Amino acid sequence: MAEKSHQEGHPTKAFGWAARDHSGVLSPFNFSRRATGEKDVAFKVLFCGVCHSDLHMIKNEWGISTYPVVPGHEIVGQVTEVGSKVEKFKVGDKVGVGYMIGSCHSCDSCHDDLENYCPEVILTSGGKYHDGTTTYGGFSDIMVADEHYAVRIPENLPLDSGAPLLCAGITVYSPLRFYGLDKPGMHVGVVGLGGLGHVAVKFAKAMGVKVTVISTSLKKKEEALEHLGAHSFLVSRDPDQMQAAAGTMDGIIDTVSAAHPLFPLLGLLKTQGKLVLVGAPVKPLELPVFPLIMGRKIVGGSSIGGMKETQEMIDFAAENNITADVEVIPMDYVNTAFERLAKADVRYRFVIDVGNTLKI
């Protein structure tokens, strides 16, 4: 396929599944992708992960959704066309797009390779693009993206189980790096063993960190220790276990998106320990101040990562054979998948086989 630019060309017909209202029910949807610009790559979508934030978006639980919503921001595929000024990709390359598809390129965050914190960041699904159009996500047959917001997928990284790394993976990789919780021999806790938590365990282990999974019940103990290889397991509702582990952790990655108490977690931290929140509870959490003052402890947050770091994460995952544990589903199963996701009935990430099952 020849490299070409359609800067003045025509939009491309596209097909996907969309939610039309806050009921969140998805159904087939015809729409258009913009013409492939000089810095754009167009690609055939092969797989797309199903993230918990997709569930929030299709139901407008964050109050920012514009219908129709085509969800999906853990997108991998194969390049079919590149613009005349594209430098990173060629036709046939494997490529990925995550949670963002644009930013302003002029603010401090953009200059510091932190496009994810740009005030004008454009979400891959349900955002407003530079031209004023609504962005449609990866539950669709094709994508068009500025090459800056696409990552190269290494040949040895499986596309289906690699797709969730574009959101879940970078969401936990970035805080491990930024907060300095990536040093061999450190002790890091991971709260919640879901889509985010299970890859947090894998990344932390690959960095040489001792990992303790913290959960509300014993149900996931065998899974955490035997399958994921965590070093220890802690039941947060067991006062004796929590007391025994008090003051032992350098940091904690908290992936839980439901309301939960922070006080018991702060007690697990060493002096100057760091509690990093990456889950997004809808209701505010209560923050006790005395444990922070008495131990010079930090509560921080983190949201995905910039494009440079996202590529670094994908390369690190490929080098260390890190993938998500996935259940691959056909496109027409997606409504059932969202029902199951709402009940946490997935181990640990649904991934849609878009390339083989999206039927027009």
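Thresholds, definitions, all that
Residues numbered from 1 in each chain as written. Predicted model: local features only at pLDDT ≥ 70, side-chain atom pairs only at ≥ 80, totals over all residues. Heavy atoms only, no water. Helix = DSSP H or I, 4+ residues; strand = E, 2+ residues; numbered from the N terminus. Rg over C-alpha atoms; globule rule 2.2 N^0.38 Å. Buried < 20%, exposed > 50% of the residue type's maximum accessible area, 1.4 Å probe, protein only. Contact = heavy atoms within 4.5 Å. Areas by Shrake-Rupley, 256 points an atom, 1.4 Å probe, with all protein chains shown as cover. Lys, Arg positive; Asp, Glu negative; His and termini not counted. Charge placed at Lys NZ, Arg CZ, Asp CG, Glu CD. 1 Å grid on protein atoms, 1.4 Å probe; cavity = no way out; pocket = protein on both sides within 12 Å on 5 of 7 lines; lining within 4 Å. Points joined across faces, edges and corners; volume = space filled by probe spheres on them. Nonpolar A, V, L, I, M, F, W, Y, C, P; charged D, E, K, R; others polar. Disulfide = S-S within 2.5 Å. Polar contact = N/O pair within 3.5 Å; in protein donor to acceptor, adjacent residues only side chain to side chain. pLDDT = per-residue confidence, 0-100. Expected span 1.5 Å × (residues − 1). UniProt positions renumbered as here; feature names shortened; annotations may be inferred.

Asks: Sorry if this is basic, but what is going on with the overall build of the protein here?
Replies: Looking only at helices and strands, the protein features twelve helices and 17 strands. Its C-alpha atoms give the protein a radius of gyration of 20 Å, near enough to 21 Å, the size a compact globule of 360 residues would have. Oriented by its inertia axes, the alpha-carbon framework of the protein measures out at about 65 × 40 × 35 Å. Residues counted as buried form 55% of the 360 residues belonging to the protein. Sequence separation of 24 or more characterises 66% of the internal contacts of the protein that already satisfy a separation of 6 or more. Split by element, the accessible area of the protein, about 15800 Å² in all, is 53% carbon and sulfur. Computed over 34 positive and 41 negative side-chain charges, the separation of the two mean positions in the protein equals 3 Å.

Asks: Just checking my understanding: could you explain empty space enclosed by the protein for this structure?
Replies: A probe as big as a water molecule, rolled over the atoms, marks out the empty space that is left. Taken as a whole, this structure holds two cavities of 30 Å³ or more when the rule is applied. Estimated volume of the largest cavity: approximately 90 Å³. In this structure, the largest cavity is lined by 13 residues; those nearest its centre are Gly-98, Tyr-99, Leu-166, Met-307 and Thr-310. Looking at the lining of the largest cavity, the elements that each hand over two or more residues are β5 (94-97) and α10 (307-319). Partitioning the lining of the largest cavity into residue classes produces nine nonpolar, four polar and no charged. Put simply, the second largest cavity is a space of about 70 Å³. Lining the second largest cavity are Ser-53, Asp-54, Met-57, His-73, Tyr-99, Leu-123, Thr-124 and Ser-125. Ranked by residues supplied to the lining of the second largest cavity, first place goes to helix α1 (residues 52-58) with three residues. Residues that form the lining of the second largest cavity fall into these classes: three nonpolar, four polar and one charged.

Asks: Looking at this structure, how should I read the state of the cysteines?
Replies: By definition, a disulfide links the sulfur atoms of two cysteines through a covalent bond. One pass over the structure, following the stated rule, counts zero disulfides. Cys-110 takes part in no disulfide bond, and the closest cysteine sulfur to it belongs to Cys-107, at a distance of 3.7 Å.

Asks: It is not clear to me how the side chain of His-73 should be interpreted in this structure. Could you clarify?
Replies: Position of His-73 relative to the elements: it lies in the loop between α1 and β4 (75-82). Of the residues examined, His-73 reaches a relative accessible area of 2% and is grouped as buried. Side-chain polar atoms of His-73 contact the side chain of Asp-54, separated by 3.3 Å. Among all residues touching His-73, those that are not within four sequence positions of it are Cys-48, Cys-51, Ser-53, Asp-54, Val-97, Gly-98, Tyr-99, Thr-124, Leu-166 and Cys-167.

Asks: Help me understand the confidence of the model for the protein, please; the structure alone is not making it clear to me.
Replies: Interpreting fine coordinate detail is not advised for predicted regions of low pLDDT. Counting all residues, the mean pLDDT for the protein is 95, and 98% of those residues have values of 70 or more. For the stretch residues 1-8, pLDDT sits under 50, and the model shows 19 contacts to residues farther than four places along the chain or on other chains.

Asks: What should I look at first to understand helix α5 (residues 195-206) in this one?
Replies: Residues spaced three or four apart along an α-helix face the same direction, because each turn holds 3.6 residues. For α5, spanning twelve residues, the distance from its first C-alpha to its last is 18 Å, which sits close to the expected 16 Å at 1.5 Å a residue. For α5, the tally of buried residues reaches ten of twelve residues, placing the bulk of the element in the interior. Along α5, the residues that are buried comprise Gly-195, Leu-196, Gly-197, His-198, Val-199, Ala-200, Val-201, Lys-202, Phe-203 and Ala-204. Each element contacted by the buried residues of α5 is listed here: α4 (168-178), β10 (187-191), β11 (210-215), α10 and β17 (349-352). One or two positions beyond α5, positive phi appears at Gly-208, with a value near 90°.

Asks: I keep staring at the UniProt feature "domain: Enoyl reductase (ER)" (unreviewed entry) in the protein and nothing clicks. Help me out?
Replies: UniProt tags residues 24-352 as "domain: Enoyl reductase (ER)" (unreviewed entry). End C-alpha to end C-alpha, residues 24-352 measures 17 Å, and it is 26% helix and 26% strand.

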